[in-house]
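# Structure assessment
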Amino acid sequence: MKPIQVGLLGFGTVGGGTFQVLARNQDDISRRAGRGIEVRAVCRRDLAAARAAVGEGVRVVADPMAIVNDPEIDIVVELIGGEGVAKDVVMAAIDAGKHVVTANKALLAVHGNEVFAAAHAKGVMVAFEAAVAGGIPIIKALRESLAGNRIEWVAGIINGTTNFILSEMRAKGLDFDSVLKEAQRLGYAEADPSFDVDGIDAAHKLTLLASIAFGVPVQFDKAHVEGLRGLSSLDIKYAEQLGYRIKLLGITRRRDELGGIELRVHPTLIPTQRLIANVEGAMNAVMVQADAAGTTLYYGKGAGAEPTASSVVADLVDVTRLATADPDHRVPHLAFQPDRLDGSLRILPMSGVRSSYYLRLRVADETGVLSRITTILAENDISIDAVLQRESLEGERQTDLIILTHTTVEEKMDRALEFMQSLPSVLAPIARIRKEDLA
Ligand code: NDP
Ligand code: HSE
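Please read all numbers here as calculations on a predicted model, not as lab measurements. (Residues numbered from 1 in each chain as written. Chains lettered and ligands numbered in written order. Predicted model: local features only at pLDDT ≥ 70, side-chain atom pairs only at ≥ 80, totals over all residues. Heavy atoms only, no water.)

## Re the overall build of the chain
Looking only at helices and strands, one finds 15 helices and 18 strands in the chain. The C-alpha atoms of the chain give a radius of gyration of 24 Å, which matches the 22 Å a tight globule of 439 residues would have. If you line up the chain on its principal axes, its C-alpha atoms span 80 × 45 × 35 Å. For the chain, long-range pairs separated by at least 24 residues make up 73% of all intrachain contacts whose partners lie at least 6 apart in sequence. Total accessible area computed for the chain in this model is approximately 18,500 Å², and 49% of it derives from carbon and sulfur atoms. With 48 positive and 57 negative side-chain charges, the chain shows a spacing of 2 Å between the two charge centroids. (Helix = DSSP H or I, 4+ residues; strand = E, 2+ residues; numbered from the N terminus. Rg over C-alpha atoms; globule rule 2.2 N^0.38 Å. Contact = heavy atoms within 4.5 Å. Areas by Shrake-Rupley, 256 points an atom, 1.4 Å probe, with all protein chains shown as cover. Lys, Arg positive; Asp, Glu negative; His and termini not counted. Charge placed at Lys NZ, Arg CZ, Asp CG, Glu CD.)

## Description of the nonpolar core
Membership of the largest hydrophobic core comes to 76 residues, with the highest contact counts inside it found for F128, I138, I151 and V288. Sorting elements by how many residues they give to this core places helix 11 (residues 200-214) first, with 9 residues. Leave out the neighbours within four places in its chain, and I151 touches L142, L146, A213, F214, R254, V288, Q289 and A290. In this structure, I4, F19, I29 and V58 belong to the second largest nonpolar core, which totals 31 residues. (Core = buried A, V, L, I, M, F, W, Y, C linked by side-chain atoms within 4.5 Å. Buried < 20%, exposed > 50% of the residue type's maximum accessible area, 1.4 Å probe, protein only.)

## Concerning the site of ligand 2
In the neighbourhood of ligand 2, the contacting residues comprise K105, N159, G160, T161, Y188, A189, E190, D196, D201, K205, G302 and A303. Take T161: an N or O atom from its side chain is 2.6 Å from an oxygen atom of ligand 2. Between ligand 2 and the protein, one listed contact pairs a nitrogen atom with a backbone N or O atom of Y188 at 2.7 Å. Out of a free accessible area of 260 Å², ligand 2 has 94% covered by protein chains. (Near = heavy atom within 4 Å. Polar contact = N/O pair within 3.5 Å; in protein donor to acceptor, adjacent residues only side chain to side chain.)

## What to know about the environment of A183
Counting through the fold element by element, A183 comes out in helix 9 (residues 176-185). The spatial distance from the C-alpha of A183 to the C-alpha of P193 is 9.5 Å, given a sequence separation of 10 residues.

## Topic: the pattern of salt bridges
Here the idea is simple: oppositely charged side chains can pair when their charged atoms come close. In this structure the tally under the stated criterion is 37 salt bridges. E190 is the partner of K105 in a salt bridge, and the nearest nitrogen-oxygen pair spans 3.1 Å. Pair noted here: K105 is in helix 6 (residues 105-122) and E190 is in the loop between helix 9 and helix 10 (194-197), with a separation of 85 residues, a long-range link. Judged by its relative accessible area of 12%, K105 is buried. Salt bridges sharing common partners tie together R253, R255, E257, E262, R264 and E436. (Salt bridge = Lys/Arg side-chain N within 4 Å of Asp/Glu carboxyl O.)

## A closer look at the packing of aromatic side chains
On inspection of all chains with the given rule, the structure shows 3 aromatic pairs. Both rings, one in F11 and one in F19, keep their centres 5.7 Å apart while their planes meet at 75 degrees; by these two values the pair is edge-to-face. F19 carries the same exposure label as F11, and that label is buried. Ring plane angle 40 degrees and centroid distance 5.5 Å describe the contact between F116 and F128, whose orientation is recorded as tilted. (Phe/Tyr/Trp six-rings, centres within 6.5 Å; stacked < 30°, edge-to-face > 60°.)

## Side note on the site of ligand 1
In the neighbourhood of ligand 1, 24 residues make up the surrounding shell, with F11, R44, R45, E190 and G304 lying closest. Separating an oxygen atom of ligand 1 from a backbone N or O atom of F11 is a distance of 2.8 Å. Between ligand 1 and the protein, one listed contact pairs an oxygen atom with a backbone N or O atom of V14 at 2.9 Å.

## Examining unusual backbone geometry
One non-glycine residue, A133, adopts positive backbone phi at about 60 degrees. Among the secondary structure elements, A133 is positioned in the loop between strand 6 (126-127) and helix 7 (138-145). Non-glycine residue A335 carries a positive phi angle of around 75 degrees. Along the chain, the position of A335 falls in the loop between helix 13 (305-322) and strand 13 (346-347).

## Observations regarding the environment of R24
Structurally, the position occupied by R24 is in helix 1 (residues 13-24). At a separation of 2.8 Å, a polar atom in the side chain of R24 contacts the side chain of E306.

## A closer look at the domain arrangement of the chain
Per the domain assignment, the segments of the chain are domain 1 (4-137 + 305-340), domain 2 (146-301) and domain 3 (354-435). Between the C-alpha centres of domain 1 and domain 2 the distance comes to 26 Å. When domain 1 packs against domain 2, close to 1,700 Å² is buried across both sides, 73% of that on carbon and sulfur atoms. When the buried surface of domain 1 facing domain 2 is broken down by residue, K105, A109 and I136 rank first, second and third, together holding 32% of it. One salt bridge in this structure joins K105 and D201, with 3.3 Å as the shortest N-O distance. Between domain 1 and domain 2 we count 4 residue pairs in polar contact (both at pLDDT 80 or more) in total. Of the residues forming the side of domain 1 that touches domain 2, the biggest block, 7 residues, is contributed by helix 6. Along the lines of polarity and charge, the residues of the side of domain 1 that touches domain 2 split into 13 nonpolar, 5 polar and 2 charged. (Domains from an automatic or database assignment. Buried area = accessible area lost by both parts, 1.4 Å probe. Nonpolar A, V, L, I, M, F, W, Y, C, P; charged D, E, K, R; others polar.)

## Let's talk about the packing of helix 6 against helix 11
It is the contact of helix 6 with helix 11, at a shortest axis distance of 9 Å, that shows an interaxial angle of 55 degrees. Accordingly, the angle class assigned to the pair helix 6 and helix 11 is oblique. Regarding helix 6 and helix 11, the two cross each other, and that crossing is left-handed. Where helix 6 abuts helix 11, its residues K105, A106, L108, A109 and V110 lie against D201, H204, K205, T207 and L208. Classifying every residue of the contact of helix 6 with helix 11 by side-chain character gives 5 nonpolar, 2 polar and 3 charged. (Axes fitted to C-alpha atoms, helices over the stretch in contact; angles between N-to-C directions. Parallel < 35°, antiparallel > 145°, perpendicular 65-115°, else oblique. Left-handed = near helix turned anticlockwise from the far one by under 90°.)

## A look at the environment of T162
When you line up the elements, T162 lands in helix 8 (residues 160-172). Along the chain, T162 and D196 lie 34 residues apart, while their C-alpha atoms are 6.4 Å from each other. If sequence neighbours within four positions are ignored, T162 has contacts with D196, V197, L228 and L248. Of note is the side chain of T162, whose polar atom sits 2.7 Å from the side chain of N159.

So, in structure tokens, the structure goes:
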């Protein structure tokens, strides 16, 4: 059978990796897919760079629409990124009846409902394994392998750049800016690294995982998102002393009693003895709590050329196998049949989230401070789990007070923080980091 024809739009880190993996493993890939998978054309604006990388025999273009409009191309692989040109080419490809493979979580988290509806109407596939956690097959696991389960929660380290930054800061005492530069050099960071640092990239991925886990439309705009910017290296150090690691976690949890789901990304303390607390560098890990399977953990490289290409190529194999199948018998994009997505399951506001907390207060080293603070916590029904007070340095007359609380509701903590912050003996903004046991 004639090889299926692929057009690669975007030929940077992931596009280049995809081309290499396809070329290197072409025999095994075609034996798995049932026919060859051939790159017919690649697209990037720097034509000379593209030509040098692919050699003769592959068409090189600067205009993505030249690939979308090529009648010989069966599958469009979108690896440009962002929501501008990428959205135009994905929608045009679907409209032209072509299948799409993409690693673009930003596009799908924001416009996924529109993209999937258009693909469903046209009977084409949009495959996006590479969009979440790079080389880890978490989409397939959640959508297919756990299809018999009721999912309770999903929690994951789903941004390699921020995990790399946190790991290097903790282990080597390096500063934030130099570690971010290294992550960019290694090809982990997004074109705009604030997407990584501010938690937006993790929230894009979590939005997709939540939709697949709970059968809800994609709702990135309702996610609670906090990144690393407010985090001090002091907190990384104190957390370590108390037996915790700080990770940027994406958490989505079913809350039946409130008729909704939590959807949140923020720095989180995790007990050091948990496997996920020991996921270091650019590695990713996703934990899934399901009623039948129990807890499962998926670990691997979450970014970089070939790990991400591994998922892109797996999608190419899937699409090749299913291209001639009846569209109604394919796996639905978001795991649940499109007419069975539950729009009534709302995304809960952060005020209702239940969590325990790490608090760091810079306080005057004077009589009665601890008692005033613990009184405020008690008055707000917040129970203390542990307290650590650093000895003040000679002549300093101020110190750090670290408090771990038991589980409470976010709105009670917000209220207590307001009262504590207004005390004259609290000398700086209070650091608050949520804590999860993930047991
Ligand atoms: P790069 O910036 O490395 O590559 C983007 C490519 O798109 C370049 O070849 C660029 O080439 C080309 N391009 C950009 N704009 C246009 C345009 N208007 N027309 C034609 N070509 C264009 O990005 P990545 O490979 O890192 O990321 C690609 C996608 O994969 C993104 O959605 C990203 O979020 C996702 N992703 C990335 C991962 C990673 O580890 N890097 C992991 C998982 C997902 P030129 O400038 O010459 O046009
Ligand atoms: N910038 C992303 C990360 C790439 O660091 O995880 C992988 O999606």
